[in-house]
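# Structural overview
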Amino acid sequence: MADALAKLPDVEIDPEGTFKYILVRVTVKDGGVHKDIVRGTKSAEYHNHIFEKVSPALEALGMECKCLGGGKIQRNNQEKKLRVFGESTAFGKADHSVSVEKLKGAFSDYEITWSDDKK
């Protein structure tokens, strides 16, 4: 089961634009082993819509999910920049510094910043 956790991508976000994201802690059921993942999409009107999509898919693989918070990501591929900011009304503010570390692993050639700014 820990193998399934290792194969789970750290980051899955939309290819361009500004969109909501959540930081999710995924735990192997009855295992205690966990990892944090970032998920973000423009198609989500609210942060809980992302969680409602992610959680059942992971639970089907025998994992448990807990949303640690949310915010927004602004992705600019032309300038190779990612900006993490804001918060989720439903889940509160994610620890953007943790989210940024995950993003750095997936986007090593991007300039990635974060702030507590709302916009």
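That block above? That's the structure.
What you see is a predicted model, and the numbers here were worked out from it, not measured in a lab.

## Considerations on the pairing of strand S6 (residues 111-114)
Remark: a regular strand shows side chains that alternate across the two faces of the sheet. Where strand S5 (residues 81-85) lies against S6, 4 bridges are found, and the strand directions are parallel. Looking across to S6, one finds that Arg-83 is bridged to Thr-113. Handedness of the S5-helix H3 (residues 96-106)-S6 crossover: right-handed.

## Observations regarding helix H2 (residues 47-59)
Relative to the 18 Å expected for 13 residues at 1.5 Å per residue, H2 spans 18 Å between its end C-alpha atoms, a close match to the ideal helical length. Within H2, burial applies to His-47, Ile-50, Phe-51, Val-54, Ser-55 and Leu-58. Down the axis, H2 shows its buried residues gathered within 115° of arc, on one side only. Check the buried side of H2 and you find it contacts strand S2 (17-28), strand S3 (34-41) and strand S4 (63-76).

## Looking at the sheet that holds S4
Taken together, the 6 strands give an open sheet; going across it, the order is S1-S3-S2-S4-S5-S6, and neighbouring strands pair in mixed fashion. The open sheet terminates on both sides in strands that have one partner only, identified here as strand S1 (11-13) and S6. Going from strand to strand, the sheet's axes swing by 25° on average, the running direction of each strand aside. Here S1 runs beside S3; their pairing, made up of 3 bridges, is parallel. Each residue of the ladder has a partner; that of Glu-12, found in S3, is Arg-39. Against the sheet, H3 touches S1, S2, S3, S4, S5 and S6, its axis set at about 170° to S6.

## Overview of the packing of aromatic side chains
Considering all chains together, one arrives at 2 aromatic pairs under this definition. Centre to centre, the rings of Phe-107 and Tyr-110 are 5.1 Å apart; their planes meet at 70°, and the pair counts as edge-to-face. Note on Phe-107: relative accessible area 10%, which makes it buried. Judged by relative accessible area, which is 15%, Tyr-110 ranks as buried.

## Observations concerning the pattern of salt bridges
For side chains of opposite charge, pairing can occur when their charged atoms come near one another. Inspection of every chain in the model, using the stated rule, returns 9 salt bridges. Between Arg-39 and Glu-12 there is a salt bridge; the shortest N-O distance is 3.3 Å. Separated by 27 residues along the polypeptide, Arg-39 in strand S3 and Glu-12 in strand S1 bring together distant segments of the chain. A salt bridge links Lys-80 to Asp-109; the shortest N-O distance between them is 2.8 Å. Of the two residues, Lys-80 sits in the loop between S4 and S5 while Asp-109 sits in the loop between H3 and S6, which places them 29 residues apart along the sequence. Owing to a relative accessible area of 48%, Asp-109 belongs among the partly exposed residues under this scheme. Shared partners join several salt bridges into a network, and the residues in it are Asp-10, Lys-35 and Lys-102.

Calculation criteria
- The written sequence of each chain sets the order in which its residues are numbered from 1.
- Residues qualify for local features only when their pLDDT is at least 70, as the model is predicted, and side-chain atom pairs are given and counted only at 80 or more; totals for whole chains, interfaces and linings, by contrast, use all residues.
- Each side-chain value is derived from all of the structure's non-hydrogen atoms; neither hydrogens nor water enter the calculation.
- We call two strands paired when DSSP finds no fewer than two bridges between them.
- Numbering of helices and strands runs from the N terminus, with a helix taken as a DSSP run of H or I at least four residues long and a strand as a DSSP run of E at least two residues long.
- Look down the strands so they point away from you; if the path from the first strand over the helix to the second goes clockwise, the crossover is right-handed.
- A helix's residues, less one, multiplied by 1.5 Å, set its expected span.
- Accessibility here uses a 1.4 Å probe with only protein chains present; expressed as a share of the type maximum, an area under 20% marks a residue as buried, one over 50% as exposed, and anything in between as partly exposed.
- Taking the helix axis as origin, the arc is that swept by the directions to the C-beta atoms.
- Only heavy atoms enter the contact rule, under which two residues are in contact if any of them lie within 4.5 Å.
- To get an axis, fit a line to the C-alpha atoms, keeping to the stretch in contact for a helix; angles then go from 0 to 180 degrees between the N-to-C directions.
- Geometry of aromatic contacts follows a simple scheme: Phe, Tyr and Trp rings, the Trp one being its six-membered ring, pair when their centres are within 6.5 Å, and the pair is stacked under 30 degrees between planes, edge-to-face over 60, tilted otherwise.
- The working definition used for a salt bridge is a side-chain nitrogen of Lys or Arg within 4 Å of a carboxyl oxygen of Asp or Glu.

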